[in-house]
Amino acid sequence: PTGLESCLPADYRKILAVPPGYEGQFKSLLLDDNVTRILGPYDVFSRRFHWKTNRRIIKEVHALAIADWIDQQDLGFKIVYLLRHPIPTALSMMRGCTLRAEANLRHQSFRERYLTKAQVELGWTVLHDGSEFEKRILEWCLENIVPWKIVTTRPHDWLVVTYEELVLSPDQSLRLIASRLGLQHLDRLRQVMSRPSASTNDSR
């Protein structure tokens, strides 16, 4: 449940809070081997393919607002916050990603917890009258407001990495990530670091 079922189609919703009474269901989604789907590597003939793993990796895209909740549950996850500059992010999103900023502005719990009245009014103004680029920048702001507040105002044990660091200093970034996450085979990371993600196609 997202709390937006009555006002937005499924494609436009985000998970912006864990509704009271659903904590167990959310934990199960994160921890249950039979619920969490397994993504990649897809080639069963690859030397890097393994039928079993001792790691669980969750890539959270439309639920950044509950990263704090996940962290507080002490589920054993180490959180890596990957941050990309808003301008290239907005330009990339303009090429076909669904605009979900309205979800943040409609979600009562999110508004009350993270936004001022002036910010909500500005958000609606941008959504109604702004350019496509401005709308995407708004989405970047709304998407990152929760983790950004955590890493800039509170003690945290998150690893914060920027997309730009990964591109400009890949080896240094890999060493940092490997050290923080206990990854032993740095050479394997180097071998695959130029491969695009599964969500990236040839046109991108």
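Further up the page is the structure itself.
To continue, consider helix H9 (residues 170–181). Counted at 1.5 Å a residue, the expected span for H9 with its twelve residues is 16 Å, and the 16 Å between its end C-alpha atoms agrees. Buried within H9 are the following residues: Ser173, Leu174, Ile177 and Ala178. All buried residues of H9 lie within an arc of 130° about the axis, which places them on one face of the element. Projecting away from the buried face of H9 at angles above 90 degrees are the exposed residues Gln172 and Ser179. The inward-facing, buried residues of H9 abut strand S2 (159–162), helix H8 (163–168) and helix H10 (186–192). Where H9 ends, the next residue or the one after it, glycine 182, has phi of about 70°, a positive value.

On to the packing of helix H6 (residues 117–129) against helix H7 (residues 132–153). The geometry of H6 relative to H7 is characterised by a closest axis approach of 8 Å and an angle of 145° between their N-to-C directions. Between H6 and H7 the crossing geometry is left-handed. Contact residues: Gly123, Val126 and Leu127 in H6; Glu134, Lys135 and Leu138 in H7. Across the contact of H6 with H7, the residue classes break down as three nonpolar, one polar and two charged.

Our next topic: unusual backbone geometry. With the exception of glycine, most residues fall at negative phi, and the peptide bonds are largely trans. Located in the positive-phi region is aspartate 74, a residue other than glycine, with phi close to 55°. Mapped onto the elements, aspartate 74 comes out in the loop between helix H2 (67–72) and strand S1 (80–83). Classification of aspartate 74 as exposed rests on a relative accessible area of 69%.

Take a nonpolar patch on the surface next. Taken together, the side chains of Leu82, Tyr163, Val167 and Leu168 make up a nonpolar region of the molecular surface, amounting to roughly 430 Å² of accessible area. With three residues, the top contributor of residues to the nonpolar patch is H8. With respect to the helices, strands and loops of the structure, tyrosine 163 is situated in helix H8.

This model, assessed by the stated rule, comprises eight salt bridges. Close ionic contact of arginine 136 with glutamate 132 constitutes a salt bridge, the shortest N to O distance being 2.8 Å. In this pair, arginine 136 and glutamate 132 are both assigned in helix H7, four residues apart and thus about one turn of the helix distant. Here arginine 136 falls in the buried class, since its relative accessible area comes to 5%. Within the structure, one salt-bridge network assembled from shared partners comprises Lys14, Glu139 and Glu143.

This part is about the packing of helix H3 (residues 86–93) against H7. With their axes 9 Å apart at the nearest point, H3 and H7 run at an angle of 120° to one another. Put simply, H3 runs oblique to H7. For H3 against H7, the interelement crossing comes out right-handed. On H7, the residues touching Pro86, Ile87, Thr89, Ala90, Leu91 and Met93 of H3 are Phe133, Arg136, Ile137, Glu139 and Trp140. Here the contact of H3 with H7 is built from residues that sort into eight nonpolar, one polar and two charged.

Cut-offs used in this document
- Residues numbered from 1 in each chain as written.
- Predicted model: local features only at pLDDT ≥ 70, side-chain atom pairs only at ≥ 80, totals over all residues.
- Heavy atoms only, no water.
- Helix = DSSP H or I, 4+ residues; strand = E, 2+ residues; numbered from the N terminus.
- Expected span 1.5 Å × (residues − 1).
- Buried < 20%, exposed > 50% of the residue type's maximum accessible area, 1.4 Å probe, protein only.
- Arc of directions from axis to C-beta.
- Contact = heavy atoms within 4.5 Å.
- Axes fitted to C-alpha atoms, helices over the stretch in contact; angles between N-to-C directions.
- Left-handed = near helix turned anticlockwise from the far one by under 90°.
- Nonpolar A, V, L, I, M, F, W, Y, C, P; charged D, E, K, R; others polar.
- Patch = residues over 30% accessible without salt bridge, like charges linked within 9 Å, V, L, I, M, F, W, Y side chains within 5 Å.
- Areas by Shrake-Rupley, 256 points an atom, 1.4 Å probe, with all protein chains shown as cover.
- Salt bridge = Lys/Arg side-chain N within 4 Å of Asp/Glu carboxyl O.
- Parallel < 35°, antiparallel > 145°, perpendicular 65-115°, else oblique.

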